[in-house]
Amino acid sequence: MRVCVIDGHGGGLGRRLIQGLRDELGRDHELIALGTNQTAVEAMRIPGMTGAVMGPESIAGTVQTADIIVTSLNVLLPYQESEEVTRHIVKSILECRGTKILLPVNQYRLEVAGTQSSKLEQLIASSLSRVRALVSSEPDH
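Scoring rules and cut-offs
- In this numbering scheme, every chain counts its residues from 1 along its sequence in written order.
- Whole-chain, interface and lining totals are the exception, using all residues; otherwise, since this is a predicted model, local features are given only for residues with pLDDT of at least 70 and side-chain atom pairs are given and counted only at 80 or more.
- Excluding hydrogens and water, the side-chain values take into account all heavy atoms of the structure.
- Numbering goes from the N terminus for both helices and strands, where a helix is a DSSP run of H or I of at least four residues and a strand is a run of E of at least two.
- What makes two residues a contact is simply this: any of their non-hydrogen atoms within 4.5 Å.
- Strands are labelled as partners when DSSP assigns at least two bridges between them.
- Handedness of a crossover is defined as follows: with both strands directed away from the viewer, a clockwise route from the first strand across the helix to the second makes it right-handed.

> Break down the environment of Ala-40 for me, citing the residues and quoting the values.
With respect to the secondary-structure elements, Ala-40 resides in helix α2 (residues 38-44). Residue contacts for Ala-40: discarding those within four places in its chain leaves Asp-7, Gly-8, His-9, Gly-10, Gly-11 and Gly-35.

Shown next as structure tokens:
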């Protein structure tokens, strides 16, 4: 399976997700870091990952081939201070066939009904668990 992690800014969340996914999934699946800037891409580079891409066109193209996308819910919001996440990226994420696992990181005081307020560590652990479950339920290729 192809698992993509999208992050921007400093890439700290993405790095933690990629490290956790590498530990959870081993090397049997593709793990690709998608950074909205060079700092994020560099922060997410870890040994054993499949690859890393940067920029709107590369991100939009890569998510189309993803089985699973893991990112912050904030990536899909129309307001982006840095304008690193373009409409093209958001549209590509929403239209791709892969499952989207969104961490409700509450940067903008946004509350999502039906979710509990969680610390970042809990959100990461929950996301890793969900990816593991999805990967485990896929038939062998």
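Having seen the model, we can carry on.
> With reference to specific residues and values, describe the pairing of strand β3 (residues 51-54).
Taken together, the four bridges between strand β2 (residues 30-35) and β3 define a ladder with parallel strand orientation. Its bridge partner lying in β3, Ala-33 is registered against Ala-52. Regarding topology, α2 serves as the crossover connection from β2 to the parallel β3, and that connection is right-handed.

> Give me the lowdown on the environment of Pro-104, citing residues and values where you can.
If you trace the backbone, Pro-104 turns up in the loop between β5 (99-103) and α5 (120-137). Linking Pro-104 and Gln-116, residues twelve residues apart in sequence, is a C-alpha distance of 9.5 Å. When near neighbours in sequence (up to four residues on either side) are disregarded, Pro-104 contacts Leu-73 and Leu-123.

Honestly, that's just the spatial picture; any functional story needs more than this.
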